Amino acid sequence: MKPYKRTLLIIITALLPLSTSLAEDFVNWPNGAKAAVSLSYDDALNSQLDNAIPALNKYHFKGSFYLSVSNAPVYERLEEWRKAAKQGHELGNHTVNHPCRSSLPGREWVKPYANLDNYSLEQIEREIATTNAFLKAIDGETERTFTPPCIDDKVDNGKTSYWPILSKYFIGAKGVPMNLPKEQIELLMPSNVTGQQLIDFVSKAADQGHLASIVFHGIGGDHLMVSTQAHEELLQHLANNPKRYYVDSYVNIMRYAKQQ
Ligand SMILES: [Zn+2]
């Protein structure tokens, strides 16, 4: 055997155990789809009821709407959220007050009452449980998912992660590896992007068999806005390639992954 061939063989043999175990952990998506796609929308914003839900309904896609239940559009438009749930969209938990860590850079906007640095583990847990009860009163569901506000994980001045308690309350949580290896999850929080950039993101996930988890905020309005046109272009692309993409609410994707 020539020396370079021997080297190649050693490298391949060394990589095999790793790649085999990763492949075994990977979830295969329904009906041979190349990627699972979760379209989710945080913070309970008016532009989601006005623009995102009608667009999803047009293509018969189910999205996940993570409600911070003290936000005005929740109680001002409660019947519309209930109707969205009846249409098959998920109402997800995004806490009561949307607590984030004000000690991190760029967090001047965090209000003192919602400063996660000052929360105890018990406090965040009660807030999560309260939100689940509130959401159950709207949609009657007993199983749902969570998005950590700002994807922050630590309470008690950065000393303790609250993410370990999430599996007690949820079947899945965005940004937190549950039921899937973290290598199979791609997370995107877009703002001011083109439709093509969104399409490139899901397309790359499909090339790799991954879950494309998109966390939107405002659609055609509100904060971290994505235009209705870019959003529509993504939905059109997904609808045009039904064999390539399995699009569903996050709770349904997690139920499927858990069964595997
Ligand atoms: Zn949020």
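Thresholds, definitions, all that
- Residues numbered from 1 in each chain as written.
- Predicted model: local features only at pLDDT ≥ 70, side-chain atom pairs only at ≥ 80, totals over all residues.
- Helix = DSSP H or I, 4+ residues; strand = E, 2+ residues; numbered from the N terminus.
- Buried ≥ 20, exposed ≤ 12 C-beta atoms within 10 Å, placed from the backbone.
- Pairing = 2+ DSSP bridges.
- Right-handed = clockwise from strand over helix to strand, strands pointing away.
- pLDDT = per-residue confidence, 0-100.
- Contact = placed C-beta atoms within 7 Å.

This next bit is on unusual backbone geometry. At Asp 43, a residue that is not glycine, the phi angle is positive and equals roughly 85 degrees. Tracing the sequence through the fold places Asp 43 in the loop between β1 (35–42) and α2 (46–58). One non-glycine residue with positive phi stands out, namely Asp 222, at about 60 degrees. The topology assignment puts Asp 222 in the loop between β9 (211–216) and α8 (228–240).

Of all eight residues that make up β1, eight are buried, and the element is covered over most of its length. Burial along β1 is two-sided: Ala 35, Val 37, Leu 39 and Tyr 41 and Ala 36, Ser 38, Ser 40 and Asp 42, pointing in opposite directions, are all buried. Relative to strand β10 (residues 245–247), β1 is paired through three bridges, and the arrangement is parallel. In the strand pairing of β10, Val 37 is matched with Val 247. Bridging between β1 and β9 involves six bridges; their strand directions are parallel. Counterpart to Leu 39 in the pairing with β9 is Ile 214. Across three bridges, the pairing between β1 and strand β2 (residues 64–67) is parallel. Looking across to β2, one finds that Asp 42 is bridged to Tyr 66. Handedness of the β-α-β unit built from β1, α2 and β2 comes out right-handed.

Looking at the chain as a whole, its pLDDT mean stands at 92, while 91% of the residues score no less than 70. Under a pLDDT of 50 for its full length, residues 1–21 has, in the predicted model, one contact with residues more than four places off or in other chains.

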